[in-house]
Structure formats: C-alpha cells, structure tokens
Amino acid sequence: MHGTENPSVWLQRWVHLIAPGSTVLDVACGAGRHLRYLAALGHRVTGVDHNPEAVAVAQASAPVICADIENGPWPFVGQTFACVVVTNYLWRPLLPTLVASVAPGGVLIYETFAAGNESVGKPSRPDFLLQPGELLQATQGLRTVAYEDGFEASPERFVQRIAAVRAGASGAIERWPLQAA
C-alpha cells in the first residue's frame, strides 16, 4: 500500500525549512509515511487522500480527510499551512491551489514523476508526468530553494522536485539554510 515506505529522501533533506511545531498538509498522503515522520518531529499534520483503506491506516498517526480532490471540492478552502508536502502525485488543475495553500513564511516540498519515466516504468501516461521546468513555472510566486529534474537510478525513475518558500507576512525574505544545522 502506498504510504508504508520510508519518508521521501527529498522531504528529509528539506524538512529543516519547516518551522518547529508547524501546521503541515500532506496531499495524497496514502497510508501516511510522511504524516508519521512529520508528527514525530512535532508538527501538527493533516492528510488528505481519496483511498478509504489508506486513510484508515494513516488516521492512526494524524487527522486525515478522505476526499476526491480531483473531482470534488478542495477540503481546505481558505486555509493555509506552514508546509504543504506532495510526493508521487500530480493533478495539474490543483497546482495553483497547492501553491496558494502555503502560508507566509511557509514551504512547499513537492516531488513526483517527470517526463522520461515512460521509458523505465509506471507511471507512463503524460497526464502523470511533469514536463521540464513545470514545477518551476507552477511555483513562480514562491522562492525556489532547491530544484532537481532528472533520473534516479534506484529505483529507476525520472523525477522533478522542488523546495520553495513564500516570503514572510511582512514580505521580508527569510534566511533559509541550505542544510540543516
């Protein structure tokens, strides 16, 4: 079941950008691998997923809403989060909503499959593969801290990922460290 693996290495690398004790939204959380990890770090995590079986497992770690975010209403209208986490999920019409859900001073940590993945496995449909630079374009209102677009050997996959932050409430640019202290 999706969500039982170890936390994403990308998330682990950039988790230090999330202020201590923050509110975090895990989109398409599956069985909750990131919910568990972030809750153990002291964050107040909420998840959303469409799969009732996965939601039932994930709810042991944090509140999770079972919702079809592709065909139904966005369950977090008007809410923002200090961090929005998305891994292995792409629904292009939702990208602007996800970016808008990042609070002032908050961070978006996003990682999913990219064009080229069709040559090594699934997903292989273009609907589920980011095009070159697509995350950079979708997050233009945020400041990119880190971005990668390329091939991972183990397991073989093409990925695109970003860690991007929103300026603070005053509009000031924070000093975000590139590595955890």
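In the block above lies the structure referred to throughout.
Notes on the structure follow. (Residues numbered from 1 in each chain as written. Predicted model: local features only at pLDDT ≥ 70, side-chain atom pairs only at ≥ 80, totals over all residues. Heavy atoms only, no water.)

### Re the sheet that holds strand S7 (residues 156–165)
- Here we have 7 strands laid out as an open sheet, ordered S3-S2-S1-S4-S5-S7-S6, and mixed in their pairing. For this open sheet the edge positions go to strand S3 (64–66) and strand S6 (143–153), each flanked by a neighbour on one side alone. With direction set aside, neighbouring strand axes in the sheet form an average angle of 10 degrees.
- By the bridge criterion, 6 bridges tie strand S4 (residues 81–87) to strand S5 (residues 102–113) in an arrangement that is parallel. Its bridge partner lying in S5, Phe81 is registered against Val102.
- Where helix H2 (residues 33–40) meets the sheet, it contacts strand S1 (23–27), strand S2 (44–49), S3 and S4, and its direction lies at approximately 175 degrees from that of S2. (Pairing = 2+ DSSP bridges. Helix = DSSP H or I, 4+ residues; strand = E, 2+ residues; numbered from the N terminus. Axes fitted to C-alpha atoms, helices over the stretch in contact; angles between N-to-C directions. Contact = heavy atoms within 4.5 Å.)

### A word on the nonpolar core
- The biggest cluster of nonpolar side chains holds 25 residues, and the ones touching the most others in it are Val27, Ile69, Trp74, Val84, Leu98 and Tyr110.
- Of all elements in the fold, only S1, S4, helix H4 (95–100), S5 and S7 reach the threshold of two or more residues within this core.
- Not counting the four nearest positions on each side in its chain, Leu98 is found in contact with Val27, Trp74, Val84, Val86 and Tyr110. (Core = buried A, V, L, I, M, F, W, Y, C linked by side-chain atoms within 4.5 Å. Buried < 20%, exposed > 50% of the residue type's maximum accessible area, 1.4 Å probe, protein only.)

### A look at the packing of aromatic side chains
- The tally for this structure, following the rule as stated, stands at 4 aromatic pairs.
- For the pair Trp74 and Phe76, a centre-to-centre distance of 5.3 Å together with 70 degrees between the ring planes defines the contact as edge-to-face. Pair check on accessibility: Trp74 and Phe76 agree, each one buried.
- An angle of 85 degrees between the planes, with centres 5.6 Å apart, marks the rings of Phe76 and Phe81 as edge-to-face.
- Taken together, the aromatic side chains of Trp74, Phe76 and Phe81 make up a single cluster linked through ring pairs. (Phe/Tyr/Trp six-rings, centres within 6.5 Å; stacked < 30°, edge-to-face > 60°.)

### Re the environment of His50
- Turning to its location among the elements, His50 is positioned in the loop between S2 and helix H3 (52–58).
- The exposed category is assigned to His50, whose relative accessible area is 59%.
- Considered as a pair, His50 and Cys66 are 16 residues apart in the sequence and their alpha carbons are 5.2 Å apart.
- For His50, the residues in contact, after removing those within four places along its chain, are Cys66, Ala67 and Asp68.

### Some thoughts on the layout of surface pockets
- There is about 450 Å³ of room inside the largest pocket.
- Taken together, 20 residues make up the lining of the largest pocket; nearest its centre are Ala28, His50, Glu70, Asn88 and Tyr89.
- In this structure, the second largest pocket encloses a volume near 380 Å³.
- Lining the second largest pocket are 18 residues, with Ser8, Val9, Glu111, Arg157 and Arg161 sitting closest to its centre.
- When contributions to the lining of the second largest pocket are tallied by element, the ones reaching two or more residues are helix H1 (9–14), S5 and S7.
- Residues that form the lining of the second largest pocket fall into these classes: 6 nonpolar, 5 polar and 7 charged. (1 Å grid on protein atoms, 1.4 Å probe; cavity = no way out; pocket = protein on both sides within 12 Å on 5 of 7 lines; lining within 4 Å. Points joined across faces, edges and corners; volume = space filled by probe spheres on them. Nonpolar A, V, L, I, M, F, W, Y, C, P; charged D, E, K, R; others polar.)

That's the geometry; what it means functionally is another story.
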